[in-house]
Amino acid sequence: MNASPSPSVPPAGSAGADVLRMLLERSLPAVMGVLNVTPDSFSDGGAFIAPEQALVRARAMIADGVDIIDIGAESTRPYKGAQPVTAERELARLKPVLAGVVALGAPVSIDSMKAEVVAFALDQGAAIVNDVWGLQRDAAMAPLVAAKGVPVIIMHNRDNADPTIDIVTDMKTFFLRSLDIAAKAGIARDKIVLDPGIGFGKTAEQSMIALARLRELDMFGLPILVGASRKRFIAAVSPSEPKERLAGSIAAHVIAAQRGAKIIRTHDVAETLQALRVAAAIESKP
């Protein structure tokens, strides 16, 4: 599980913490680009599973100005139909491509809910952990993150959507539980980012409510990441397939930035970055 890191790879903890600190100090939200090396992700499943295709995609995102590349090898699609995979399968997808992506120079986050996979990725030079179950699915995750000293993104999730609940109250309860796990494991609070998990365990209405009430998460005093890219709630407003939701994604992300999001996770880096820059330029005028 804990292979020895290559001597050429810098310690993940210091690198990741420095990267996160630098990005969060900027006035413009950081842009995290999605790189799925999976056959079944909801938007681009199979498009980048071949190592050469993944590297081409990573280079293109860097050229577009991406701040972080978020690589995942298991679909955590927020609707029914995702196929769970073993750690062995996840690692088999990551191993041919991860080192090459890290070598491109952009900070890399590992999108996985399995500590075994995260340990491998960190040893290969990934700098940030992105856990879609907020340290609550794999008991080994929080101790690993603490031992490595890396930043972690804690995302809100539910096994099933419940339209009867107040989703923001549910998010707050979930985050309190995750933060307690993090504190007990020894994860420094200044290395934690919260993600409301747009689309995950939520109805379309609840996803929009989570965005509308994003400022309520300021109670935690932690930076917020929002990933609304191509999510199904957009189609609830304007019927569309995932790849037809660029405009809706940008609208959601600009609003999230206006409500304090410090990191935006997207499939469409250049377009999102342009929108954020224009919105910020307009808002800066008297």
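A brief look at the structure comes next. (Residues numbered from 1 in each chain as written. Predicted model: local features only at pLDDT ≥ 70, side-chain atom pairs only at ≥ 80, totals over all residues. Heavy atoms only, no water.)

### Things to note about the overall build of the protein
Helix and strand content of the protein: 11 helices and 8 strands. Residues counted as buried form 54% of the 286 residues belonging to the protein. Nonlocal contacts in the protein, meaning residues at least 24 apart in sequence, comprise 71% of its contacts between residues at least 6 apart. If you sum the accessible surface of the protein, you get close to 12000 Å²; carbon and sulfur atoms cover 55% of it. (Helix = DSSP H or I, 4+ residues; strand = E, 2+ residues; numbered from the N terminus. Buried < 20%, exposed > 50% of the residue type's maximum accessible area, 1.4 Å probe, protein only. Contact = heavy atoms within 4.5 Å. Areas by Shrake-Rupley, 256 points an atom, 1.4 Å probe, with all protein chains shown as cover.)

### So, the sheet that holds strand β4 (residues 128-131)
Here we have 8 strands laid out as an open sheet, ordered β6-β5-β4-β3-β2-β1-β8-β7, and parallel in their pairing. The open sheet is flanked by β6 (192-195) and β7 (225-226), the only strands paired with a single partner. For β4 and strand β5 (residues 152-155), the ladder comprises 3 bridges, and the chain directions are parallel. The residue bridging V129 from the neighbouring strand is V152, located in β5. (Pairing = 2+ DSSP bridges.)

### A word on the pattern of salt bridges
Two side chains bearing opposite charge may form a pair once their charged atoms approach each other closely. As enumerated under the stated definition, the model contains 15 salt bridges in all. For the salt bridge of D159 with R137, the shortest nitrogen-to-oxygen distance reads 3.3 Å. Residue D159 is found in the loop between β5 and α7 (167-185), and its partner R137 is found in the loop between β4 and α6 (141-148); the two are separated by 22 residues along the sequence. Exposure remark for D159: the relative accessible area of 57% places this residue in the exposed category. Looking at R137, the relative accessible area reads 41%, which means it is partly exposed. A cluster of three or more residues bridged by salt bridges with shared partners is formed by D166, K172, R213 and E216. (Salt bridge = Lys/Arg side-chain N within 4 Å of Asp/Glu carboxyl O.)

### Considerations on the pairing of strand β2 (residues 68-72)
With 5 of 5 residues buried, β2 lies mostly within the body of the structure. Burial of β2 is two-sided: the residues I68, D70 and G72 facing one way and the residues I69 and I71 facing the other way are all buried.

### Comments concerning the pairing of strand β8 (residues 263-266)
Across the two faces of β8 the burial is the same, with I263 and R265 and I264 and T266 all buried. As paired strands, strand β1 (residues 30-36) and β8 are joined by 4 bridges and run parallel to one another. In the sheet register, A30 faces β8, and the bridge partner there is I263. Pairing analysis gives 2 bridges linking β7 to β8, with the strands arranged parallel. Looking at β8, one finds that L225 is bridged to I263.

### Describing the packing of aromatic side chains
With the rule as written, the count across this model stands at 2 aromatic pairs. Relative to F175, the ring of F174 lies with its centre 6.0 Å away and its plane at 80 degrees, an arrangement referred to as edge-to-face. On the basis of an interplanar angle of 85 degrees and a centroid distance of 5.9 Å, the ring pair of F175 and F220 is categorised as edge-to-face. Highlighted residues: F175 in helix α7 and F220 in the loop between α8 (204-212) and β7, separated in sequence by 45 residues. Both residues of the pair, F175 and F220, belong to the buried class. Each residue in the set F174, F175 and F220 is aromatic and connected to the rest through ring pairs, giving one cluster. The ring of F120 has K95 sitting right over it, with the charged end atom 5.7 Å from the ring centre. Residue placement shows R137 over the ring face of W133; its charged tip is 3.8 Å from the ring centre. (Phe/Tyr/Trp six-rings, centres within 6.5 Å; stacked < 30°, edge-to-face > 60°. Lys NZ or Arg CZ within 6 Å of the ring centre and 35° of its normal.)

### A closer look at the packing of helix α10 (residues 246-258) against helix α11 (residues 269-283)
Look at α10 against α11: their axes get within 10 Å of each other, and the N-to-C directions meet at 45 degrees. Considering the angle they form, α10 stands oblique to α11. Remark: the crossing between α10 and α11 carries right-handed chirality. Contacts from L246, I250, H253, V254, A257 and Q258 in α10 reach E271, T272, A275, L276, A279 and E283 in α11. The residue inventory of the contact of α10 with α11, partitioned by class, reads 7 nonpolar, 3 polar and 2 charged. (Axes fitted to C-alpha atoms, helices over the stretch in contact; angles between N-to-C directions. Parallel < 35°, antiparallel > 145°, perpendicular 65-115°, else oblique. Left-handed = near helix turned anticlockwise from the far one by under 90°. Nonpolar A, V, L, I, M, F, W, Y, C, P; charged D, E, K, R; others polar.)

### Focus: the nonpolar core
One finds I71, V101, I110, V129, I192 and V226 to be the most contacted residues of the largest nonpolar core, which totals 73 residues. If near-sequence neighbours (up to four positions away) are discounted, V226 is found in contact with P196, I198, L211, L214, H253, A256, A261, I263, I264 and R265. Within the second largest apolar cluster, 12 residues are counted, among which are L23, A30, I153 and I263. (Core = buried A, V, L, I, M, F, W, Y, C linked by side-chain atoms within 4.5 Å.)

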